[in-house]
Structures are given as C-alpha cells and as structure tokens.
Amino acid sequence: MNARIVSSLLILAAITLYCSIERATEPSHEHPRYTKISADGEPLKPWQGPWACVLDHQSNLLWEVKTDNESIHDGYWTYSWFNNHAGEENLGDCYFEPARCDTEDLVRHTNRHGLCGVKNWRLPTHTELQSLVQAPTRPSSTHIAHDYFIHIKHGDYWTSDSDDQLPAHFEQFQMGGKAVNFHTGQSMTLPYRNAAFTMLVSTAPNLTAFRFNTPRLSNRTSVITQPKENDK
Amino acid sequence: MYRSTFLLLHLFIIITVFTSLFSGLRIATVTHDSFLLLSPILPEGRVHFWHMLSACTLTILSFSYLIYRKKNKSPPTGSKYHIFINQFGYLVFVASLITGWCVYFNLTQFNAHTIHLISALLIIAYLILHSWVYVIQYGKKLIKRLLFIPKRQFPWVCLLALLLATPLFFYLTLHNQTFLQVTSLKPQTLMEVDGLDTEEAWQNTPSIKVHTIGGANFIDGQTTVTIKALHNQHETFFLFKWQDPTHSLAHLPLEKTQDGWKVKENGFVNFDERKHYEDKFAVMLSHTCGNGADGTTHLGKKPLDNKPNNWHGKGYHASVDGNIRDLWHWKAVRTNDMVLADDNFIGPPAQPLHGQRRYSAGYLPDGKESGAYVMNWQWYSQTGVIPKRLPDTLTTPNQVLPWFGSSAYQSAKDNYPIGSQIPSVLYRSNRFEGDRADVRARGHWKDGVWTLELVRKNQTSSDHDVALQNGICMWVSAFDHSQIAHTRHNAAIALRYSL
C-alpha cells in the first residue's frame with residue numbers, strides 16, 4: 001500500500017511540475033519578403049517597432065513607411081507630381097511646407113533627414129510600385145501587405161513614370177504621370193496636378209547589412225508592439 | 001446481472017465525469033485566471049461541445065442509476081467510509097447537474113454558475129476520497145474489478161438504451177433559446193438614437209431580461225440585460241439596459257511620469273486589460289442558435305491548428321462552419337461619439353499576418369471606406385510612449401482627445417507636470433463610413449445603468465452582416481472597463497418579428 005501512495009504522489013508531483021513549467025511564447029516568424037527597418041537603419045523583428053522603412057528582399061529596394069504622426073512621412077499628405085522641373089508644383093496638401101506640396105518636396109525633405117540612414121530617396125517606377133500589389137488579407141484592406149506598409153490609403157500613389165497619355169476624360173491635360181491605386185490594385189494615368197499619395201523608394205547602397213539574422217538584429221531583444229485600432 | 005449493469009454504468013460515468021471536469025475547467029479559465037495554471041493539461045478548442053455532451057450523458061446516467069437502484073434493492077456494500085463518501089458524491093453530482101442545467105437555461109440569478117463551479121471542485125475532492133482511496137487499497141486488482149464485465153452477463157439492453165438516449169437528448173439540447181418579440185413600429189413614428197428610452201414607442205414595448213455572468217468588474221461578475229426591440233419596414237431598433245455601477249470612460253489614459261508618458265494599464269500588453277478601459281457592449285447575431293456562442297468559442301492558448309496562439313491564453317472566436325456571425329461592438333469612448341457601434345463579424349479564421357502580434361482568428365471588423373479612431377501614441381510600449389498629440393489645455397482623460405484643441409506632439413512644448421493624464425483616443429478623420437458604419441448606436445449612463453439604443457437596416461448589402469428577420473438568434477455581452485472579459489449567457493435569444 002505504501003508503494004501505491006508513493007507512486008500516486010509522484011504522479012501528482014509530475015503533473016504539478018508539468019503544469020508549472022513556463023512555456024515560451026510562440027515567436028514571431030520572419031516575413032518571406034519584407035523586413036522592418038528602424039529610422040536609424042537597424043533591421044527589426046516582425047513584431048518590433050517603430051519602423052520607418054521596409055526592405056523588400058525580392059526587389060532589393062528600401063521603401064518609405066508612412067506614419068500618422070503629422071511628420072513629413074504622414075500618410076494623409078498628398079502631392080502633385082513634380083520632378084526635375086516637369087509636372088505641376090505645389091498642388092497637394094501637407095503641413096510641412098509653407099506652400100502646398102509636390103512630390104519633389106517629399107523627396108527633398110526625406111533625403112535631407114536621411115531616413116533609415118539613406119539619402120537617395122526617389123519616386124518608385126511603375127514596375128517597382130506595382131510589384132507591391134497583392135490581394136487584401138482583411139475585408140476592404142488595401143492591396144498591399146498592410147501589416148508592414150501601414151497607413152497606406154485607399155487611393156492613388158504616384159510613380160516616377162511620366163509623359164503618359166491621359167484617358168479621354170482628362171483630355172485637356174494631355175499628358176500625366178502613372179499611379180497605382182492600392183484600393184483596387186489597378187494602375188492609371190493621372191494629371192500631374194492631381195493630389196495623390198506618395199511612397200518613396202531607395203536603392204540602399206548597403207543592403208546586405210539589412211539581411212535577416214544579422215548580428216545587429218540580436219541587439220534588439222525587447223518585443224514591443226502596437227495594438228491596432230480594431231483591438232477589442 | 002445487477003453487478004454487470006453497475007459496472008457498465010460505472011465505466012460510463014468515469015469517462016463522462018473526466019470529460020465534464022476537464023472541459024468545464026477549461027471553460028472556467030475564461031473567468032478565473034487561477035485555473036490557467038491547469039491549462040497545459042486541459043483540452044482546447046470547442047470544449048462547450050464536449051461539456052454539453054458529457055452533461056447530457058451524465059444526466060442520462062443519473063436517471064439510469066436511479067432505475068438501477070429501484071430494481072436492485074440490496075443495501076450498499078463497502079466500508080462505512082465509502083458509503084459515507086458515496087453519499088457525499090451523490091449530493092455533489094446532483095448539485096452539479098441541477099446548477100449546470102440552470103446555466104444552460106440562463107437561470108443564473110442565484111449564482112448557479114458559482115455553485116456549479118464549487119460542485120465541480122467538490123467532485124474532484126470526491127474523486128480523491130473515493131477513487132484514489134480505492135486505488136490505494138486495491139491497486140491493479142481494481143482495474144480488473146471495474147473494467148471486466150463477463151460476456152455472458154453483459155447488459156446489452158442497458159448499453160443500447162444509453163447509446164440511443166444520449167445522442168437523442170444531446171440533439172434536443174442543441175436548440176436552446178428564449179424569445180424576443182420585435183414589435184412593429186408605425187411608419188410615421190420617429191425614433192431618435194440618443195441613448196434615452198423616452199420615446200413613447202419604447203415605453204409601450206414589452207421587454208425580456210437576460211442574466212449574463214462571467215464578466216470582469218461587475219458585482220459578482222454579473223449583470224442583467226433588459227432588451228426591447230422595434231422594427232419598421234426598413235430598420236430594427238434595439239434598446240439594451242444593464243446595471244454597471246461604474247461609468248468607465250478612462251480608456252488606457254496616458255500619464256506623464258518621471259520617465260515620460262506611459263499608458264496606464266494592467267493587462268493591455270497581453271490584450272486583456274481589466275482596469276483602464278472603457279465600458280462596452282456587444283451583440284452577436286446568427287442564423288443558428290447553438291451553444292458556446294453558436295460554436296464560435298475556441299478556448300485555450302492555441303485552440304486552432306496551424307494558427308497563432310493568443311496572448312492571454314483564454315481563446316478566441318472563429319466560425320469553423322463557414323457561416324458568418326454578425327457582431328456589433330459598441331464602445332463608450334471610441335464609437336459613442338461617432339453615434340456608431342463598430343460593425344464587426346466572426347468568420348473563418350483569418351490568415352495570420354507576420355507583422356501583427358495579436359491574432360484575433362475570426363473576429364474582424366467589416367470593411368470601411370474611410371474614417372477611424374486612432375490611439376494617441378506613436379508606438380505602444382509598456383516602458384513608455386510618445387503621444388501623437390497633446391491637448392492645448394489639460395483635459396480629462398475620460399473622453400476623446402479633440403483634434404481642434406490639441407497640437408502635434410513636440411518634446412520642447414511638453415510642459416505638462418508629472419502625474420498629468422490625457423486621453424488616448426483620437427479622432428483623426430471622419431467617423432467610419434462603409435460597411436463598418438452600418439450600426440448606429442448611442443449609449444447613456446445614469447445612476448448605475450447604461451441605456452443603449454442601437455439601430456440597423458434589416459437588410460444591408462454587406463457579406464459580413466446577418467439580415468434581421470424572424471428566427472435570427474442573438475447573444476449579448478457587457479464589458480465593465482475590460483477589454484475582453486465580457487459577461488455571457490448560454491441560451492440564445494430568438495427574434496420574433498410581428499407581422
């Protein structure tokens with residue numbers, strides 16, 4: 001009988017021990033294509049933040065990430081298309097210019113600040129921007145990986161492609177710039193004077209420094225998070 | 001023969017009691033954090049199904065045992081100790097069954113759910129005092145004594161009766177509902193969605209009361225919801241009233257500390273805030289009326305295969321039958337000033353996103369064309385945040401931070417004294433537009449009671465809405481400054497529209 005008491009107490013102890021073992025939280029999984037990059041150019045884990053850029057491993061491009069903090073990168077600001085003295089100046093809406101805004105203003109300010117340690121920001125080509133289009137993963141979400149490209153609006157985003165024939169209803173403007181609409185995932189040509197959103201891109205010179213599992217990544221261990229607006 | 005029947009019933013009851021206990025303890029983890037210690041050995045997923053099945057089996061077995069005892073009048077065998085313990089066991093089993101069925105029928109006003117939990121714990125005590133002591137006394141011999149039923153004396157009739165009666169009884173329990181009469185409204189009657197029930201139409205409308213349990217912060221975790229409903233050709237109006245002694249509007253306020261601004265919270269980092277949160281109310285609608293929130297409740301840390309776990313370890317909602325459940329989520333701060341409830345839905349488990357730490361399975365907002373509330377921090381961290389905007393003059397945190405009357409954050413202009421608190425909810429643009437704005441709602445708190453008026457079109461064009469019509473089932477939940485710890489009830493409320 002003593003053996004039965006001891007063995008049953010051992011079973012109870014084993015169950016208690018099993019229940020009390022601290023179980024590791026399921027780790028985040030790296031995105032197969034994108035890596036978050038902090039404002040000072042450090043790669044982050046998928047749940048870390050804040051991040052200011054996204055590195056696209058497929059195209060080896062570094063993308064500006066929009067914000068909602070009224071900085072120059074705020075996703076609400078719009079821009080008319082203006083590049084190298086071509087297009088229309090200052091017909092978009094933003095807070096960071098005394099006059100209104102155009103795409104060249106955003107490029108100039110972003111390069112001056114050296115976002116993510118990079119100073120060769122520019123408008124993306126149509127092919128580059130179109131490569132970000134993907135099917136929405138949530139009802140009515142934008143046609144982009146919105147967990148990485150946050151604050152992307154359901155609207156048109158400028159590309160660097162210009163001198164494109166406008167459709168008939170814009171006939172009076174003749175030529176315009178190409179844009180990608182992340183609400184529909186479609187491309188279209190818009191008059192330069194149109195106020196559209198803009199997301200800049202850069203071909204970072206030191207892309208290899210941003211690769212997954214670099215030693216620099218291990219320096220940032222704290223997991224911080226930003227619950228979104230739809231959190232219960 | 002009697003011995004064989006007893007052994008069969010005993011075998012069934014061993015399986016049933018363990019199923020019921022394990023599934024019931026998992027259900028208890030939702031309300032009682034202390035039971036989360038047992039989480040690694042408790043089942044996950046749709047445990048309400050197993051709990052109901054075992055409840056039905058246990059009820060059938062109890063009646064079967066009564067019949068057995070009536071036929072077999074021989075006195076109980078065993079030592080005085082075991083006879084006494086068995087009588088204790090009968091008592092707690094009866095208490096557990098009666099209170100369990102009370103919870104099933106929403107008869108929880110007299111704390112049936114608490115007695116149910118206590119009786120479950122007493123059953124564990126009984127199992128130790130009865131089963132464990134027998135194991136100590138007899139060891140391996142007990143297995144042979146309990147599990148071996150001689151083939152010649154096998155009670156086939158009893159087995160057949162159990163196998164037929166249990167599924168039939170379980171099937172009958174799948175349809176459990178109370179009814180809410182949706183009274184017809186004259187076409188010329190105007191209703192103002194203002195959170196007040198002053199309209200004559202409301203005064204003359206019959207109501208039902210639904211007792212809800214298991215929520216954080218309410219007195220004993222309970223509140224009774226009084227419900228009225230009216231409809232016209234195009235819309236249905238609902239009036240909900242529930243007791244909530246605290247008018248909670250301080251939603252994750254930001255507090256200035258020596259180290260900068262911090263979010264006041266006690267569980268938000270794990271998405272289970274229960275202190276610094278707004279009051280809320282949720283309504284779920286479905287074409288079907290099943291138990292466990294119509295089968296959408298998946299309990300445990302990782303209740304769905306190949307899907308991420310949840311941070312609080314309690315579970316999440318998802319529809320695994322492919323049907324959409326409509327979910328209206330009124331929030332006392334975030335949506336009340338928009339005169340809206342957040343129109344959400346419960347659908348199939350969503351595709352996990354690499355960049356999002358919180359996975360909410362099938363619980364998702366309807367799509368929107370524009371509009372939003374945003375949180376007044378640039379990036380959330382437990383250790384500190386930078387606000388997006390600061391109020392121009394110090395304001396109470398119990399409200400939405402007004403856009404006009406606040407300015408973009410600049411550290412140089414952050415002169416607020418240590419201890420200052422500011423709101424964390426900011427309306428950056430217009431209110432929701434599109435599918436997510438289908439439900440108009442306004443709540444008003446007075447003297448410990450919330451009154452919530454809510455209206456939606458009977459038919460919307462959204463794939464994520466359930467049409468309001470005869471036979472639709474509804475569930476309600478109240479939140480007292482808690483993020484997910486809401487009250488609940490089992491029996492669905494079926495809508496009966498007047499012709």
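Our subject is the structure that appears above.
Residues numbered from 1 in each chain as written. Chains lettered and ligands numbered in written order. Predicted model: local features only at pLDDT ≥ 70, side-chain atom pairs only at ≥ 80, totals over all residues. Heavy atoms only, no water.

## Concerning the overall build of chain B
Here is step 1 of the chain: Secondary structure summary: chain B contains eight helices and 21 strands in total.
Here is step 2 of the chain: Buried residues in chain B amount to 57% of all 499 residues.
Here is step 3 of the chain: Intrachain contacts of chain B at a sequence separation of at least 6 include 71% that bridge at least 24 residues.
Here is step 4 of the chain: On chain B, roughly 22,500 Å² of surface is accessible, and the fraction owed to carbon and sulfur atoms is 61%. (Helix = DSSP H or I, 4+ residues; strand = E, 2+ residues; numbered from the N terminus. Buried < 20%, exposed > 50% of the residue type's maximum accessible area, 1.4 Å probe, protein only. Contact = heavy atoms within 4.5 Å. Areas by Shrake-Rupley, 256 points an atom, 1.4 Å probe, with all protein chains shown as cover.)

## Quick look at the interface of chain A and chain B
Here is step 1 of the chain: At the interface, 46 residues of chain A touch 56 residues of chain B.
Here is step 2 of the chain: Here chain A meets chain B over a buried area of about 4,500 Å², counting both sides, of which 58% is carbon and sulfur.
Here is step 3 of the chain: Across the chain A-chain B interface, the total number found is three salt bridges.
Here is step 4 of the chain: Here Asp68(A) makes a salt bridge to Lys388(B), at a shortest N to O gap of 2.6 Å. (Buried area = accessible area lost by both parts, 1.4 Å probe. Salt bridge = Lys/Arg side-chain N within 4 Å of Asp/Glu carboxyl O.)

## Side note on the sheet that holds strand 6 (residues 260–263) of chain B
Here is step 1 of the chain: Ordered in space as 6-5-16 (chain B), the three strands form an open sheet in which the pairing is antiparallel. One side of each edge strand has no neighbouring strand; the edge strands of this open sheet are strand 6 and strand 16 (421–422) of chain B. (Pairing = 2+ DSSP bridges.)

## With respect to the pairing of strand 6 of chain B
All names here are of chain B.
Here is step 1 of the chain: Across four bridges, the pairing between strand 5 (residues 254–257) and strand 6 is antiparallel. Bridged to Lys256 within strand 6 is Trp261.
Here is step 2 of the chain: Joining the antiparallel neighbours strand 5 and strand 6 is a turn of two residues.

## Comments concerning the packing of aromatic side chains
Here is step 1 of the chain: This model, assessed by the stated rule, comprises 36 aromatic pairs over all chains.
Here is step 2 of the chain: Ring geometry for Tyr34(A) against Tyr148(A): centres 6.0 Å apart, planes inclined by 40°, an arrangement best described as tilted. You can see Tyr34(A) sitting in strand 1 (residues 34–37) and its partner Tyr148(A) sitting in the loop between helix 3 (126–130) and strand 7 (156–158), a full 114 residues away along the chain. Each member of the pair, Tyr34(A) as well as Tyr148(A), is classed as buried.
Here is step 3 of the chain: By the ring-pair criterion, three or more aromatic residues cluster together here, those being Phe238(B), Phe240(B), Trp242(B), Phe281(B), Trp328(B), Trp330(B) and Trp450(B).
Here is step 4 of the chain: For the cation-ring pair, Arg145(B) lies above Tyr138(B), with the distance from its terminal atom to the ring centre recorded as 5.0 Å.
Here is step 5 of the chain: A cation over a ring is seen here: Arg428(B) above Trp77(A), with NZ or CZ 6.0 Å from the ring centre. (Phe/Tyr/Trp six-rings, centres within 6.5 Å; stacked < 30°, edge-to-face > 60°. Lys NZ or Arg CZ within 6 Å of the ring centre and 35° of its normal.)

By themselves, these are just geometric observations and shouldn't be taken as functional.
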